[in-house]
Amino acid sequence: MSTLAAARYGKDNVRVYKVHRDEKTGEQSVCEMTVCVLLEGDIETSYTKADNSVVVATDSIKNTIYITAKQQPVNPPELFGSILGTHFIQKYSHIHAAHVHIVTHRWVRMQVDGKPHPHSFVKDSPETRDVQVDVVEGKGISINSSIQGLTVLKSTGSQFWGFVRDEYTTLKETWDRILSTDVAANWQWRQFTGLAEVRTHADKFNPAWEAARAITLKTFAEDNSASVQATMYLMGEKILAAAPLVDTVEYALPNNHYFEVDLSWHKGTKNTGKDAEVYAPQSNPNGLIKCTVGRSGGKPKL
Ligand SMILES: O=c1[nH]c(=O)c2[nH]c(=O)[nH]c2[nH]1
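The shown structure was predicted, so the numbers you read here are calculated from the model rather than taken from an experiment.

Structural notes on the overall build of the chain
From N to C terminus, the chain includes 6 helices and 12 strands. Dimensions of the chain, computed from C-alpha atoms along their principal axes, come out at roughly 75 × 65 × 45 Å. For the chain, the residues scored as buried account for 41% of the 302 residues in total. Of the accessible surface of the chain, which amounts to about 17,300 Å², a share of 54% is contributed by carbon and sulfur atoms. Put simply, the chain has 33 plus and 34 minus side-chain charges, and the middle of one group is 4 Å from the middle of the other.

As structure tokens, this is what we get:
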């Protein structure tokens, strides 16, 4: 005998673009997203008894994403995800949870002759702003916001020494190295009771994302890093201080290595230690350092 242990379904990779035209200034703003919506509820019989009467077609889910994008603001994505997820649990009595994932792509207003252009944009990096919104009947709304794919490098101002040395160690200690990573940072908001509460805090989501991004970049640049671990913890601490409704901040940072190349074989060329200028960027393997930073005094008071 078998049983359906868990099930969710929906539409993934729904690509949506929305333009806002400011009638007064003539300026246009754009938003491009990739959306996934997965539903849970009393849908077991669709799997176990071929009963499609409980299935909201994934095609209808896709249509609902377009209609909601037309009727509602898509910015901030935390609010859009909450509106979309709440729609599904309110509209269909047998649907009890909606899991919405939104990737917002990076279209940045173009500067032309030093001025912001009214309707032209550049995708200056593969970086995205992502949200995971879980709307669960009776439990409220859980929101996790993130930055993905923000690639950074510093050519000095990073050290790594004092680590365990034993019979497995070949790495030399260094007081000056290249540090590069692809930032994945996410921050978990405290649980919201429902859409009404998310709406009352809607003005906090964009500033939190801006603060998280600015703190990540400034700390990366300015900290004379003892290690990826120490620098990422500093970042997390500062984001918690900047965003009181955030419970935890999580980072996952690959350490993208750049190796010195010994060129002494060519006419005694000096290219190691203080003479190193040409390096070999490594694709793999890479270090991967993760942490979650929380509040020591428990959850913040509102
Ligand atoms: O910042 C670092 N943390 C590590 O844990 C580690 N391990 C390693 O080989 N290099 C580094 N760098």
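So, helix α6 (residues 228-242)
An ideal rise of 1.5 Å per residue puts 21 Å on 15 residues; α6 measures up with 21 Å between its terminal C-alpha atoms. Regarding α6, the residues found buried are Val228, Thr231, Met232, Met235, Gly236, Ile239 and Leu240. At its buried positions, α6 is contacted by β8 (179-189), α5 (205-222), β9 (246-255) and β12 (287-293).

A word on the site of the ligand
In the vicinity of the ligand, the contacting residues are Phe160, Leu171, Arg177, Ser227, Val228, Gln229, Asn255 and Ile289. One of the side-chain nitrogen or oxygen atoms of Gln229 is found 2.9 Å away from a nitrogen atom of the ligand. Within the shell around the ligand, the residues separate by chemical class into 4 nonpolar, 3 polar and 1 charged.

Concerning the domain arrangement of the chain
What the domain assignment reports for the chain is domain 1 (1-138) and domain 2 (150-302). In this structure, domain 1 and domain 2 have C-alpha centres spaced 29 Å apart. On the side of domain 2, 9 residues touch domain 1, which itself brings 11 residues to the contact. Both sides together, the interface formed by domain 1 and domain 2 hides about 1,000 Å², and carbon and sulfur atoms give 56% of it. Between domain 1 and domain 2 we count 1 salt bridge in total. Its salt-bridge partner being Glu127, residue Arg213 comes within 2.8 Å of it at the nearest N-O pair. Summed over the shared surface of domain 1 and domain 2, the number is 3 residue pairs in polar contact (both at pLDDT 80 or more).

Notes on the pairing of strand β2 (residues 28-41)
Across 11 bridges, strand β1 (residues 9-21) lies against β2 in antiparallel orientation. The residue bridging Val19 from the neighbouring strand is Val30, located in β2. As consecutive antiparallel partners, β1 and β2 are separated by 6 residues, and within that stretch Gly26 has a phi angle of approximately 80 degrees, a positive value.

Considerations on the packing of aromatic side chains
Taken as a whole and judged by the stated rule, the model has 4 aromatic pairs. With a centroid separation of 4.6 Å and an interplanar angle of 10 degrees, the aromatic rings of Phe160 and Phe163 are classed as stacked. Its relative accessible area of 23% is what places Phe160 among the partly exposed residues. Ring pairing ties together the aromatic residues Trp189, Phe192 and Phe205, which thus form one cluster.

Observations concerning the packing of helix α2 (residues 58-71) against helix α3 (residues 77-91)
Their axes nearest at 11 Å, the elements α2 and α3 cross at an angle of 130 degrees. Comparing their axes, α3 and α2 come out oblique. The interaxial crossing formed by α2 with α3 has right-handed handedness. In this structure, α2 contributes Ile61, Thr64, Ile65, Thr68 and Ala69 to the contact, and α3 contributes Phe80, Ile83, Leu84, His87 and Phe88. Across the contact of α2 with α3, the residue classes break down as 7 nonpolar, 3 polar and no charged.

Things to note about α2
Taking 1.5 Å as the rise per residue, α2 with 14 residues should run 20 Å; its terminal C-alpha atoms sit 20 Å apart, in good agreement. Among the residues of α2, Ile61, Thr64, Ile65, Thr68 and Ala69 are the ones counted as buried. Projected down its long axis, α2 shows its buried positions confined to an angular sector of 130 degrees, all on one face. Residues of α2 that are exposed and point over 90 degrees away from its buried face: Lys70 and Gln71. On the buried face of α2, the contacting elements are β1, β2 and α3.

A few points about the confidence of the model for the chain
With 98% of its residues at a pLDDT of 70 or more, the chain shows a mean pLDDT of 97. Per the prediction output, this complex has pTM 0.96; the corresponding ipTM is 0.99.

The rules behind each value
- Residues numbered from 1 in each chain as written.
- Predicted model: local features only at pLDDT ≥ 70, side-chain atom pairs only at ≥ 80, totals over all residues.
- Heavy atoms only, no water.
- Helix = DSSP H or I, 4+ residues; strand = E, 2+ residues; numbered from the N terminus.
- Buried < 20%, exposed > 50% of the residue type's maximum accessible area, 1.4 Å probe, protein only.
- Areas by Shrake-Rupley, 256 points an atom, 1.4 Å probe, with all protein chains shown as cover.
- Lys, Arg positive; Asp, Glu negative; His and termini not counted.
- Charge placed at Lys NZ, Arg CZ, Asp CG, Glu CD.
- Expected span 1.5 Å × (residues − 1).
- Contact = heavy atoms within 4.5 Å.
- Near = heavy atom within 4 Å.
- Polar contact = N/O pair within 3.5 Å; in protein donor to acceptor, adjacent residues only side chain to side chain.
- Nonpolar A, V, L, I, M, F, W, Y, C, P; charged D, E, K, R; others polar.
- Domains from an automatic or database assignment.
- Buried area = accessible area lost by both parts, 1.4 Å probe.
- Salt bridge = Lys/Arg side-chain N within 4 Å of Asp/Glu carboxyl O.
- Pairing = 2+ DSSP bridges.
- Phe/Tyr/Trp six-rings, centres within 6.5 Å; stacked < 30°, edge-to-face > 60°.
- Axes fitted to C-alpha atoms, helices over the stretch in contact; angles between N-to-C directions.
- Parallel < 35°, antiparallel > 145°, perpendicular 65-115°, else oblique.
- Left-handed = near helix turned anticlockwise from the far one by under 90°.
- Arc of directions from axis to C-beta.
- pLDDT = per-residue confidence, 0-100.

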